[in-house]
Amino acid sequence: MTSITARLFFASALLLPVFLGVTGFFLDRAFQTSLITAEKARLQRNIYLLYSAADLPTRPLKKNEKPRLIMPKELRDKDFERINSGLYAYLFNDKKELVWQSNSTSLQTPPTYDQISPKLNADESAEIIFEFENENYFIAYSDIFWEVAKNREVPFRFVAVHDSEDFIAEKNAYRNQLWQWLGAVGILLLIAQTAILRWGLSPLKKLAVALNAMQSGDTRDIEGDHPDELQDIVDNLNQVLAREQALRQRYRNSLSDLAHSLKTPLAVMQAKLSQASADEELQQLAAEQVSRMNQVVTYQLQRAVSSQQQGSHQRSDLEPIVRRLLSALQKVYASKGVQADCELAAHSIFAGDEQDLMEVIGNITENAFKYGKSRVHVRSETRDKQLLINISDDGPGVPAEQQTRILERGHRLDTSLPGQGIGLSVAADIIHSYGGKLHVGRSSLGGAEFQLVLPLAS
């Protein structure tokens, strides 16, 4: 998960189903509660209907005659009259005997008093599903004491029953619609969030393009208008880059001035020491120390020329640098009659400072002219965002055991030729500062071959 967009998308993809699931659960519970409340209200109205329809006989009760209520042949609610309508009514007397039932129960086996009563408490009417003969029903009842004679009251129980078929069908239909719509909303939210993320994070891509343009050398700082959240970062980065470039330039200028100011008096001292005829031991010691100081100054002077900045925003074309160096070196070593061949691949562009590239190529090609016999070959190729440069000669070459040591500062294989032994170390230092590599081997010409691996400009 290296992408911010991917992280946010998958986090939302995991969190959104949980959120929609919890939302769906509570909506389902709320809808079910509303259905039960509506069912309770309906059964309560049916109980009131039964109250209003019941009446005592017009004649007085005979001795030992059981008290009873008279119910009409038909009730105003037609569901009580239609057989198997799902709505049923019962009336029980004080002896727990069924004394009346609605016409809709004609094909139903009526429940007994004990089957109904233990199932319900007074505060649970119509809120508990009553199961009878493998069917589920909502049930409501009410006990009323009816005055059947003077100072004589008899309890009757009115019971209204409604099957749960409509309730279950309505609940299932709601659930199906609920989850379908929540699923569709979830998909739409993911699509909308993806679009919002792409739009919201697009300034980061714009910033990356601006940074890439600066790194490739097209611009010297980060350009473009950015959102307020990023503009402060961009401004601060530009200020840091400007300060860093100014400090680096002042450092290079100061180091160059120091090296140049020391190089001249050291050269004068070395010349005078070579002409003096005093104490030979003192002369030799002074000459060695002056030579050592001269090496250090020369090394630091060459490093001051180098920018050493990996990922620099500059771009340097290899071909003009190589051809200019080969032309100059052929003039310097005209007496040797060295044949220089150049075979450069297209788009051989170094992602770095031109002076660094010239310093590296110049040191290695000068060694090739110096130690080669008659041929020097420079070849380049591009591979996997890398620029490979091979410089070979037909000289004595570099022994395998010396191929690592030769890159150390001050180490020389041939002391008969002039030099200070720091050219290759400077070249290796510059190459490593760009994250590149320098390999030493045997060339097909018979001499040494130096392979430079440098970053390739995009």
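Residues numbered from 1 in each chain as written. Predicted model: local features only at pLDDT ≥ 70, side-chain atom pairs only at ≥ 80, totals over all residues. Heavy atoms only, no water.

Draft legend 1. Representation of a nonpolar patch on the surface in the model. On the surface, L15, V18, V22, F25 and F26 cluster together into a nonpolar patch covering about 500 Å² of accessible area. Mapped onto the fold, V18 is located in helix α1 (residues 4-53). (Patch = residues over 30% accessible without salt bridge, like charges linked within 9 Å, V, L, I, M, F, W, Y side chains within 5 Å. Areas by Shrake-Rupley, 256 points an atom, 1.4 Å probe, with all protein chains shown as cover. Salt bridge = Lys/Arg side-chain N within 4 Å of Asp/Glu carboxyl O. Helix = DSSP H or I, 4+ residues; strand = E, 2+ residues; numbered from the N terminus.)

Draft legend 2. Summary view of unusual backbone geometry. The phi torsion at N84 lies on the positive side, around 55 degrees, for a residue other than glycine. Along the chain, N84 turns up in the loop between α1 and β1 (87-92). A relative accessible area of 41% means that N84 is categorised as partly exposed. (Buried < 20%, exposed > 50% of the residue type's maximum accessible area, 1.4 Å probe, protein only.)

Draft legend 3. Structural view of the side chain of R157. The topology assignment puts R157 in strand β5 (residues 152-163). A polar contact of 3.4 Å, which involves the side chain of R157, links it to the side chain of Y113. (Polar contact = N/O pair within 3.5 Å; in protein donor to acceptor, adjacent residues only side chain to side chain.)

Draft legend 4. Inspection of the pattern of salt bridges at higher detail. Taken as a whole and judged by the stated rule, the model has nine salt bridges. Where E381 meets R379, a salt bridge forms, and the shortest distance between an N and an O atom there is 3.5 Å. The class of E381 is partly exposed, set by a relative accessible area of 23%. Owing to a relative accessible area of 25%, R379 belongs among the partly exposed residues under this scheme. If you follow the salt bridges from partner to partner, you end up with R42, D79 and R82 in one network.

Draft legend 5. Structural context of the nonpolar core. Core analysis: the largest hydrophobic core is formed by 37 residues, its most contacted members being I361, I389 and L452. Breaking this core down by element, the ones donating at least two residues are α6 (318-332), α7 (354-371), β9 (375-383), β10 (386-393), α8 (423-433), β11 (437-442) and β12 (448-455). The contacts of L452, once residues within four sequence positions are left out, are V360, I361, I364, L387, L388, I389, I391, I431, K437 and L438. In terms of nonpolar packing, the next biggest core, distinct from the first, is built from 24 residues, F80, L87, A89 and A160 among them. (Core = buried A, V, L, I, M, F, W, Y, C linked by side-chain atoms within 4.5 Å. Contact = heavy atoms within 4.5 Å.)

Draft legend 6. Looking closely at the side chain of S433. Tracing the backbone through its elements, the reader meets S433 in helix α8. The exposure class of S433 is buried, given its relative accessible area of 16%. Polar side-chain contacts of S433 include one of 2.5 Å to the backbone oxygen of I430.

Draft legend 7. Structural context of the packing of α6 against α7. Contact geometry for α6 and α7: axes closest at 10 Å, N-to-C directions at 40 degrees. Taken as axis vectors, α6 and α7 run oblique relative to one another. As for how α6 packs across α7, the hand of that crossing is right-handed. Side by side, α6 and α7 meet where L318, I321, V322, R324, L325, L326, L329 and Q330 of the first sit next to E354, L357, M358, I361, G362, T365, E366 and F369 of the second. (Axes fitted to C-alpha atoms, helices over the stretch in contact; angles between N-to-C directions. Parallel < 35°, antiparallel > 145°, perpendicular 65-115°, else oblique. Left-handed = near helix turned anticlockwise from the far one by under 90°.)

Draft legend 8. Layout of the packing of aromatic side chains. Applying the stated criterion across every chain, the model contains nine aromatic pairs. With a centroid separation of 5.5 Å and an interplanar angle of 80 degrees, the aromatic rings of F92 and Y113 are classed as edge-to-face. Residue F92 is located in strand β1, and its partner Y113 is located in helix α2 (residues 113-116); the two are separated by 21 residues in the primary sequence. Like F92, the residue Y113 is buried in the burial classification. Here the aromatic residues Y48, Y51 and F158 are joined through ring pairs into a cluster of three or more. (Phe/Tyr/Trp six-rings, centres within 6.5 Å; stacked < 30°, edge-to-face > 60°.)

Draft legend 9. Examining the sheet that holds β11 more closely. Spatial ordering of the open sheet is given by β7-β9-β10-β12-β11, a layout of five strands whose pairing is mixed. Two strands close off the open sheet at either side, each with one partner strand: β7 (339-343) and β11. The mean angle between the axes of side-by-side strands here comes to 15 degrees, regardless of whether they run parallel or antiparallel. Pairing geometry for β11 and β12, over six bridges, is antiparallel. (Pairing = 2+ DSSP bridges.)

Draft legend 10. Summary view of the pairing of β1. Of all six residues making up β1, six are buried, and the element is well covered by its neighbours. Burial along β1 is two-sided: L87, A89 and L91 and Y88, Y90 and F92, pointing in opposite directions, are all buried. With six bridges joining them, β1 and β5 adopt antiparallel strand pairing. Pairing of Y90 across the sheet is with V159, part of β5. Sheet topology places β1 next to strand β2 (residues 98-101); three bridges connect them, and they run antiparallel. For L91, the partnering residue across the bridge sits in β2 and is W100.

Draft legend 11. A look at α6. Here α6 spans 21 Å end to end across 15 residues, near enough to the 21 Å set by a 1.5 Å rise per residue. Turning to α6, its buried residues number three or more, namely L318, I321, V322, L325, L326 and L329. Considered in projection along α6, the buried side chains sweep an arc of 125 degrees and stay on one side of the axis. Each element contacted by the buried residues of α6 is listed here: β6 (316-317), β7, α7, β9 and β10. (Expected span 1.5 Å × (residues − 1). Arc of directions from axis to C-beta.)

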